[in-house]
Amino acid sequence: MSENAALLQIDIVDSTKLSEALGDEAMSALWTEHDRMARDLMREWRGREIDKSDGFLLMFSNVNDAANYALCYHRQLATLRPALLARAGLHLGPVVLRETPRGDVALGAKPLEIDGTAKPLVSRVMALAAGGQTLITRAAKESIDAAGRDTPSHGHWRMKGIEEPVHIYELAEAGNALLPPVDCEKAYCVVQSGGLWVPRREVANNLPAPRDPFIGRRRVLRRLTAELGGTNRLTSIVGTAGVGKTRLAIQWGRSCIGDFAGGVWFCDLSQVRSLDGIHFAVSRALDVPLGREPAHQLRDAIVGRGRCLVILDNFEQVVSHAAATLGTWLDAAPLSTFLVTTREVLSLPGETVFHLDPMEIGEAIELFAERASAIEQSVLATADNRRTVEQLVRLLDGLPLAIELAAARTRVVSPKALLMRMGERFKLLSSRGGRVDRQATLKAAFDWSWDLLTAIERTTLAQASVFIGGFRLEAVEALVLLPGGGDFWLPDVIHSLVDKSLIRHVSEDRFDLLESLREYAGDQLRAYGSEAVVEAERRHGSYFASQSFENAGLGTLAEVGNVVASCRRAVARSDPETSAPAVINAWELLQMRGPYVLGLELVQAVLQMELPPLARAKLLTIQGRALLMCGQGSGAREALVSALAGAKNTGDSALIGRTLAAVGELDVFEARMDDAKINYTHALEISRAIGHVALECATLNGLGIVNNNLGLLSEARVNFEAVLTVARRTGQLRWESAAVGNLGQVLAHVGLADEALAMFSLAVDTALRAGDRLWEGNMLCNLGLLLHERSDEVGASANLERALVISRELGYPRLESVVLCNLGLVRESRCEFDLAQEAYEAALAIARRRDDRRCEGQFLGYLGLLHARCGRYGIARICLHDGEQILRDVRDRISLAIVLCARAEAELANGDSVLATRSLEEADDIAAAAGIEATSELGASIRKVKGLFAVGATAANL
């Protein structure tokens, strides 16, 4: 009986080679894991197994189920160890089902056979696919819900045993489609020409044969196809030197030969400098002998080829002739398409500009590895090697030319050594194979662009090299000095350099240079003389020292490189007038995004200079906070005491308030809660007297933390709500994030878990909008703990791992220790006791190294309870006793109650019900006094211990 069905055939790539490498036993274990995964997916997506070899032939009644299966299957293969790759084919069509007699099934025959042309067709389609690729027929494509997916066409294919050409598409997650398939023994691509299907390989072209494999650029090729697939007839691939414009154009031309019956013609213009030169180069590419009227002859030749593609490579040095050549051909040949590679926009009517960016990091690593492996063994053999290559290709800006030149050096210089020598990149990045063209070295590639610039463009680009991490237009206007005597408007010069692919327009009001180009331009600036460098850096420093970053937002954070550089340069030239305000600005940014040790390094360098009293007091306050954030509390107090004395001597109210708030923060760290409250209250009064809203938010938040630690949750909530009101009224996003998150913590304490969860999520989003990684990390940590308490261990781990990365990038050991403790809780809940103990002990070591008594007490409580649950009652009792005493000393009531619950559970398990009862009763009293609900962490701990008592009483009565 015939019925319509979706057939999916999948096959593991290079399974025999892998089996030889792993050995029979390891391969058998891998096949077992693979088959289990594949069959579990069949249940999920309602598939039926028809046949099996190194993959499966599956049947589905719904083509969307088959499509979902294929995408999930590819994702799951990547999780196996080692990861596998599979090719897949999907077709929707009629099949005849034939059941096998039971007696034959008992002998090992398949229960069900399918017949019909659909079976060999899906096999042919699958065979065309590359590893990780799913190819589908038109019948399947028309029935698939394509939402969130790519289904690009790969043309028509003549397949052995199939009468008519089959239109092949690809099924891929959005943005992940691969390159078109290639002709093989049983299938080849065909195109219509004159009403007949002819092999695509027979379409006329003069594309250069590739010397090595084309790597990456999948998304870029799809974007280019989209640009040229509509009505666009002139597309310019525009990009900087070495970004891979030529290779991309050739690859795209090769992939779409079948779309141009009139041929694909590649014209190299790299040696051309005149209109006659263009005519000669194009005539040679088209194989057209020229006479007295070359312009007319070329026009007629292009028109006569009908639907053709003409690739004009390296047009930048003849842009002035674009209208006389391309403009004429566009008008005369409506069936022709033109693809131009150029470093400068042509500015022709009808031109579509396709900006080619450097390679994505994953593809850049792939390119380096492939080119290097042609010389040596794999450079990605270990995780450490991969990290080195990743750092290297980042420093190379993802430029294919630079990556290939660097990879060629691996014959004698390891990737790690290359990384260390990036200060000599223009010596390293040169060809050693006798190549003499402008791509033989990275410097030669940049020289080509430099030589095409005007004098004004050169001096602008050279001076712009002093910016680190980009610049805004007003900054470059303050920096760049143009020679007099000309009518120049700097925005026009910048616009011209953007059009010539030397400066990138990265956002609405921001520009930057690739690092390689910045170094090249810096060399050109030094060629003007040392005085030119010093003066450019001085103007740069003066501009950034004059800016205010007190209420820095996400956009302002992009200036951190410039601000840090302005400070370092000012210190190097012994310029305190610039370095002091520069380090103040640098700290405003670094306290939000880190690393804190960099802020400490800068401020300590500037403090070595002769400074006015007010500037010194400001810098001592920054030094104190930086020391505190880096975990050096004792040094922080010394700096802040000196800062406060200096602030009072100057009479600067704002500085006095900020310093008092910093001292209050240190008091909290050292568990001096009464002192903290006094200092925060004084700072709050000052902030309100002078109308300093950021300081008001900081002091109110500090008072809330003090009250929260003391278990005065109602008072803490009032403080945090006051912060939120002020922050929202005045647009202080950082403090809005802090207030929302801290309110969430109060809500979590009193057991309002749903409300707390919403608060933490909002706090993370707000921190992201503010660009504040400190609050982002804190709130992710809180969110992870709450998800753990709600038994969402997957969500908890994800958020805590993100927080851990942030804490280490910030260089903030306190946050790192808290995150590690929370990860210990997650691992303990999974019965991963060794990993949990490792996390607790790592957290405890950090707390002790920082002399963070409050965290030490908390961590000892969790570690002690883990030891008790593992039957190690002696060490458990020591940990719990020490943790309890520390938390009593620092007066953290809620944390103390949690440790008391842990101690009650441990003592009960160890048979001491008297001490267990005493500990539980005190914890219960603390919870009642603070208004703690049963659904909070403390409430849940109390409820659990009471349940253990009840179980014990029941057992005793039996």
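The rules behind the values
Residues numbered from 1 in each chain as written. Predicted model: local features only at pLDDT ≥ 70, side-chain atom pairs only at ≥ 80, totals over all residues. Heavy atoms only, no water. Helix = DSSP H or I, 4+ residues; strand = E, 2+ residues; numbered from the N terminus. Buried < 20%, exposed > 50% of the residue type's maximum accessible area, 1.4 Å probe, protein only. Contact = heavy atoms within 4.5 Å. Areas by Shrake-Rupley, 256 points an atom, 1.4 Å probe, with all protein chains shown as cover. Lys, Arg positive; Asp, Glu negative; His and termini not counted. Charge placed at Lys NZ, Arg CZ, Asp CG, Glu CD. Pairing = 2+ DSSP bridges. Expected span 1.5 Å × (residues − 1). Polar contact = N/O pair within 3.5 Å; in protein donor to acceptor, adjacent residues only side chain to side chain. Axes fitted to C-alpha atoms, helices over the stretch in contact; angles between N-to-C directions. pLDDT = per-residue confidence, 0-100. Parallel < 35°, antiparallel > 145°, perpendicular 65-115°, else oblique. Nonpolar A, V, L, I, M, F, W, Y, C, P; charged D, E, K, R; others polar. Core = buried A, V, L, I, M, F, W, Y, C linked by side-chain atoms within 4.5 Å. Phe/Tyr/Trp six-rings, centres within 6.5 Å; stacked < 30°, edge-to-face > 60°. Lys NZ or Arg CZ within 6 Å of the ring centre and 35° of its normal. Salt bridge = Lys/Arg side-chain N within 4 Å of Asp/Glu carboxyl O.

A.B. asks: Teacher, can you tell me more about the overall build of the protein here?
C.D. replies: If you tally the helices and strands in the protein, you get 42 helices and 19 strands. Taken along the three principal axes of its C-alpha coordinates, the protein extends 100 × 100 × 50 Å. In the protein, which comprises 958 residues, the share counted as buried stands at 54%. Long-range pairs, those at least 24 residues apart, make up 67% of the contacts in the protein between residues at least 6 apart in sequence. When the accessible area of the protein is evaluated, it comes to approximately 41,700 Å², of which 51% is carbon and sulfur surface. Each charge class in the protein was averaged separately, 104 positive and 121 negative side chains, and the resulting centres sit 3 Å apart.

A.B. asks: Got a minute to help me understand the pairing of strand β18 (residues 504-507) in this structure?
C.D. replies: Two faces make up the sheet, and in a regular strand the side chains alternate between them. As paired elements, β18 and strand β19 (residues 510-512) share three bridges and run antiparallel to each other. Bridged to Ser507 within β19 is Arg510. Where β18 folds back on β19, the antiparallel hairpin that results is connected by two residues.

A.B. asks: Honestly, helix α38 (residues 853-869) in this entry has me stumped. Any pointers?
C.D. replies: Helical geometry: 3.6 residues make up each α-helical turn, so side chains three or four residues apart lie on a common side. Here α38 is 17 residues long and its end C-alpha atoms lie 25 Å apart, about the 24 Å a rise of 1.5 Å per residue gives. For α38, the buried fraction is high: 15 of the 17 residues fall into the buried class.

A.B. asks: Sorry if this is basic, but what is going on with unusual backbone geometry here?
C.D. replies: Leave glycine aside and you will find that most residues have negative phi; peptide bonds, for their part, are mostly trans. Cis rather than trans, the peptide bond between Arg81 and Pro82 has omega equal to 5°. Topologically, Pro82 is positioned in the loop between α3 (63-77) and β4 (86-99). A cis geometry characterises the amide bond from Gly594 onward to Pro595, with omega recorded as -5°. The residue Pro595 is located in the loop between α24 (576-593) and α25 (596-606) in this model. Unlike most non-glycine residues, Ser347 shows phi in positive territory, near 60°. Topologically, Ser347 is positioned in the loop between β15 (337-342) and β16 (351-355).

A.B. asks: Which parts of the structure should I look at to understand the pairing of strand β9 (residues 166-173)?
C.D. replies: For β9, the buried fraction is high: seven of the eight residues fall into the buried class. Direction of pairing for strand β6 (residues 134-137) relative to β9: antiparallel, over a ladder of four bridges. The residue of β9 that forms the bridge with Thr134 is Leu171. Two elements, strand β7 (residues 149-150) and β9, share two bridges in a ladder whose sense is antiparallel. Within β9, the position partnered with Asp150 by the bridge is Ala172. Relative to β9, strand β8 (residues 153-159) runs antiparallel, the two being bridged by three bridges.

A.B. asks: Honestly, α3 in this entry has me stumped. Any pointers?
C.D. replies: The terminal C-alpha atoms of α3 lie 21 Å apart, and with 15 residues this matches the ideal 21 Å at 1.5 Å per residue to within 8%. Within α3, twelve of the 15 residues are buried, leaving the element largely enclosed by the surrounding structure. For α3, the capping residue at the N-terminal end is Asn62, with a side-chain oxygen 2.7 Å from the backbone nitrogen of Asn64.

A.B. asks: Got a minute to help me understand the sheet that holds strand β13 (residues 264-268) in this structure?
C.D. replies: Within a beta sheet, neighbouring strands are joined by backbone hydrogen bonds and run either parallel or antiparallel to one another. Taken in spatial order, the five strands line up as β13-β14-β15-β12-β16 in an open sheet, and their pairing is parallel. Pairing within the sheet leaves two strands with one partner each, and these edge strands are β13 and β16. Sheet twist, expressed as the average angle between the axes of neighbouring strands with direction ignored, equals 20°. Relative to β16, strand β12 (residues 234-238) runs parallel, the two being bridged by five bridges. Residue pairing for β16: Ile237 is matched across the bridge by Phe354. Strands β13 and β14 (309-313) of the sheet are contacted by helix α9 (residues 275-286), whose axis makes an angle of about 145° with β13. Packed on one face of the sheet, helix α11 (residues 322-332) meets β12, β14 and β15 and runs near 160° to β15.

A.B. asks: Just checking my understanding: could you explain the confidence of the model for the protein for this structure?
C.D. replies: Predicted coordinates in regions of low pLDDT should not be interpreted in detail. Chain-level pLDDT for the protein is 89 on average; 95% of the residues reach the 70-or-more range. Counting interchain partners and residues more than four positions distant, the pLDDT-below-50 stretch residues 432-438 has eight contacts. Considering only residues more than four positions removed or in separate chains, one finds that residues 954-958, a stretch of pLDDT under 50, has zero contacts.

A.B. asks: What exactly am I supposed to notice about the packing of α9 against α11 here?
C.D. replies: A pair of packed helices is characterised by two quantities: the angle between their axes and the separation of those axes. The interhelical angle for the contact between α9 and α11, taken along N-to-C directions, is 50°, at an axis separation of 10 Å. Here α9 lies oblique to α11, going by the angle between them. Of the residues in α11, those touching α9 at Leu275, Ile278, His279 and Val282 are Ala324, Thr325 and Trp329. Considering only residue class, the contact of α9 with α11 consists of five nonpolar, two polar and no charged.

A.B. asks: When you look at the environment of Ala86 in this model, what are you seeing that I'm missing?
C.D. replies: Here Ala86 lies in strand β4. Expressed as a C-alpha distance, the spacing of Ala86 and Phe669, which sit 583 residues apart in the sequence, is 55 Å. In this structure, Ala86 is in contact with Asp11, Ile12, Val13, Tyr73, His74, Leu77, Ala130, Gly131, Gly132 and Gln133, ignoring residues within four places of it in sequence.

A.B. asks: Is there a simple way to explain the nonpolar core in this structure?
C.D. replies: One broad rule of soluble globular proteins: the nonpolar side chains tend to lie buried together. By size, the foremost hydrophobic cluster in this structure holds 234 residues, and its most contacted members are Leu248, Trp252, Leu339, Phe368, Leu461, Ile503 and Leu938. With ten residues, helix α40 (residues 893-909) is the largest single contributor of residues to this core. If we ignore the near neighbours within four places in the chain, the residues touching Leu938 are Ile894, Ala897, Ile898, Cys901, Ala927 and Ile932. Among the nonpolar cores identified, the runner-up in size contains 36 residues, and Leu8, Trp31, Met42 and Tyr169 belong to it.

A.B. asks: Even after reading the chapter, I still don't get the sheet that holds β18, so can you show me in this structure?
C.D. replies: Across the sheet, which stays open at both edges, the three strands sit in the order β17-β19-β18 with antiparallel pairing between neighbours. Both edges of this open sheet fall to β17 (471-472) and β18, since each of them pairs with a single strand only. Taken together, the two bridges between β17 and β19 define a ladder with antiparallel strand orientation. Along β19, the bridge assignment pairs Phe471 with Phe511.

A.B. asks: Sorry, what's going on with the side chain of Thr766 here?
C.D. replies: Note that Thr766 resides in helix α33 (residues 753-770). Reaching out from Thr766, the side chain makes a polar contact with the backbone oxygen of Leu762 at a distance of 2.8 Å. In this structure Thr766 touches Leu733, Glu736 and Ser737, once residues within four positions along its chain are discounted.

A.B. asks: What's the story with the packing of aromatic side chains in this structure? I'm lost.
C.D. replies: The description of an aromatic ring pair uses the distance of the two centres, along with the angle that the planes make with each other. According to the stated counting rule, one finds 14 aromatic pairs in the structure shown. Each ring, one from Phe60 and one from Tyr69, has its centre 5.7 Å from the other, and the planes form 55°; the classification is tilted. For Phe60, a relative accessible area of 1% puts it in the buried group. Judged by relative accessible area, which is 0%, Tyr69 ranks as buried. Geometrically, the ring pair formed by Tyr69 and Tyr73 is stacked, given 6.0 Å between the ring centres and 15° between the ring planes. A residue pair is termed a helical-turn pair when its members lie 3 or 4 positions apart in one helix, as Tyr69 and Tyr73 do in helix α3 at four residues. Both residues of the pair, Tyr69 and Tyr73, belong to the buried class. Through a chain of ring-to-ring contacts, the aromatic side chains of Phe467, Phe471, Phe511, Tyr543 and Phe544 assemble into a single cluster. The ring of Trp31 carries Lys52 above its face, with NZ or CZ at 5.5 Å from the centroid.

A.B. asks: It is not clear to me how the pattern of salt bridges should be interpreted in this structure. Could you clarify?
C.D. replies: Should the charged atoms of two oppositely charged side chains come close, the side chains can pair. Counted under the stated rule, the structure contains 66 salt bridges. The partner of Glu113 in a salt bridge is Lys110, and the shortest N-O contact between them spans 3.5 Å. Accessibility expressed as a relative area gives 17% for Glu113, which makes it buried. We classify Lys110 as partly exposed; its relative accessible area is 24%. A salt bridge links Glu535 to Arg538, with the shortest nitrogen-to-oxygen separation between them at 3.8 Å. Of this pair, Glu535 and Arg538 both sit in helix α22 (residues 530-545), three residues apart, roughly one helical turn. Assessed through its relative accessible area of 32%, Glu535 is described here as partly exposed. Exposure remark for Arg538: the relative accessible area of 33% places this residue in the partly exposed category. A single network of salt bridges, built from pairs that share partners, joins Arg877, Glu884, Arg888, Arg903, Glu907 and Glu922.

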